[in-house]
Amino acid sequence: MQFKNLKLVDYVVYGRGAFNQLDEILAPRRKDSFPMIFFLDHFFIGKPLASRIPLRGKDKIIYVDVTFEPKTKQVDALAAELKAEFGEVSGIIGIGGGSTMDLAKAVSLMMTNPGSSADYQGWDLVKLPGVFKVGIPTLSGTGAEVSRTTVLTGPVRKLGMNSDFTPFNQIVLDPELTKNAPTNQRFYTGMDCYIHCVESLDGTFINEFSRSYGEKAMDLCRKVFVEKDKWDEESDEQLMMASYAGGMSIAYSQVGVAHAVSYGLSFLLGTKHCIGNCIVMNHLEEFYPAGVKEFKFMVEKNNIEIPTGICANLTEDQFDTMMDVTLGMKPLWENALGKDWETIMTREKLRALYGKL
Ligand code: NAD
Ligand code: ZN
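For clarity, every value in this text was computed on a predicted model and none was experimentally measured.

Caption draft 1: Up close: the domain arrangement of the protein. By the assigned domains, the protein splits into domain 1 (11-178) and domain 2 (183-356). Put simply, the middle of domain 1 and the middle of domain 2, counted by C-alpha atoms, are 25 Å apart. Residue-level contacts link 23 residues of domain 1 with 22 residues of domain 2. Summed over both partners, the interface of domain 1 with domain 2 buries about 2000 Å², with 62% contributed by carbon and sulfur atoms. Looking only at domain 1, the three residues that lose the most surface to domain 2 are Arg16, Ser140 and Lys158, adding up to 26% of its buried area. Across the contact surface, domain 1 and domain 2 share two salt bridges. A salt bridge links Arg16 to Glu237; the nearest nitrogen and oxygen atoms lie 3.0 Å apart. Summed over the shared surface of domain 1 and domain 2, the result is ten residue pairs in polar contact (both at pLDDT 80 or more). Listed by contribution, the elements that provide at least two residues to the side of domain 1 that touches domain 2 are β1 (11-14) and β9 (170-173). Tallied by class, the residues present in the side of domain 1 that touches domain 2 amount to eleven nonpolar, six polar and six charged.

Below, the structure written as structure tokens:
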């Protein structure tokens, strides 16, 4: 048995208002006169958060457009632009949801590694540490703040740059930053965390390390989406820690059926990660009976609409493309269904499942 030697985030600061410490946190990381570059989610254009960023010297805010999930082309262009303008930078700080944090991680790596980010989509292909990088979530759920990957859509595949150099050097967890997230988005991203927990806890790769984080994260999701009737400050705090713990849980186990099937949707149709997982989870009673029952309860209680019929007009060729992508995610299936997963999740069965979405 080969146990995973898990690389973690170097520093974590947590607390309401922790964002105010950013200047102090960055000061010792500044190299000569090279700037800190802040990637700020475009939602915050003209919002008060933008003016709270502690700019010094040549520091720059780049508003990142996250209408679509990050692409290798976008990462390469951002890295090229920074190299052309500044030569080197002291660090990259991603402030936003999972997409902005992933962009910050990927661009940090591409400031030092040669070639295109597409060359590094896979496992342990990144050879050099990137520049100093910081993650500051403004949405809670994906666990991108703690993970060793950055999910990118490239010319041939949608796959992360998974490596020991990928985790952030610093994260700033300030629950105040998530307070204005729209109800639907907050729910979809929060459900990504809930689904991480179900897939980790019900998977064959489960172990006490993952269980201890997964159970806690699931409890916190329940406090927020099952027990309470109204969102409050405490909910922002609870969901932020759920995201962190859920990310820690899957870091030492794996995700499962919802993620595998959702990757197919996202590859073919561009469906976003969190909503895609919700669309699939809605139909997974057979695999996660208790989790799906509770998921449906949360959808109803929180008055959320989950899209249906998104595969209604697809051709058989398109179904085949999605199934090829999905069935290629072997570790996810093995975690979900065990070593004999191929005899359980046959193409016919998967086709029927896609047909229901
Ligand atoms: P997101 O970053 O894609 O943002 C979704 C929307 O919410 C955007 O329109 C954004 O502008 C807006 N937004 C962000 N913060 C807001 C706020 N406080 N108030 C109002 N609007 C706000 O959303 P997400 O669900 O956090 O992240 C999904 C992304 O994360 C995908 O790209 C997915 O691939 C990635 N992901 C990465 C990992 C990882 O481990 N690296 C894991 C899961 C998902
Ligand atoms: Zn996820």
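More follows now that the structure is in view.
Caption draft 2: Geometry of unusual backbone geometry. Positive phi outside glycine occurs at Asp32, with the angle close to 45 degrees. With respect to the helices and strands, Asp32 occurs in the loop between α1 (22-26) and β2 (36-41). With phi around 60 degrees, Asn303 is a residue other than glycine that occupies positive phi space. Tracing the chain through its elements places Asn303 in the loop between α10 (289-301) and α11 (316-327).

Caption draft 3: Quick look at helix α14 (residues 347-356). Within α14, the full set of buried residues consists of Leu350, Leu353 and Tyr354. Projected onto a plane normal to the axis of α14, the buried residues spread over an arc of 100 degrees and lie on a single side. Residues of α14 that are exposed and angled more than 90 degrees away from the buried face: Glu348 and Lys356. On its buried side, α14 packs onto α8 (257-269), α11 and α12 (330-337).

Quick notes on the rules
Residues numbered from 1 in each chain as written. Chains lettered and ligands numbered in written order. Predicted model: local features only at pLDDT ≥ 70, side-chain atom pairs only at ≥ 80, totals over all residues. Heavy atoms only, no water. Domains from an automatic or database assignment. Contact = heavy atoms within 4.5 Å. Buried area = accessible area lost by both parts, 1.4 Å probe. Salt bridge = Lys/Arg side-chain N within 4 Å of Asp/Glu carboxyl O. Polar contact = N/O pair within 3.5 Å; in protein donor to acceptor, adjacent residues only side chain to side chain. Helix = DSSP H or I, 4+ residues; strand = E, 2+ residues; numbered from the N terminus. Nonpolar A, V, L, I, M, F, W, Y, C, P; charged D, E, K, R; others polar. Buried < 20%, exposed > 50% of the residue type's maximum accessible area, 1.4 Å probe, protein only. Arc of directions from axis to C-beta.

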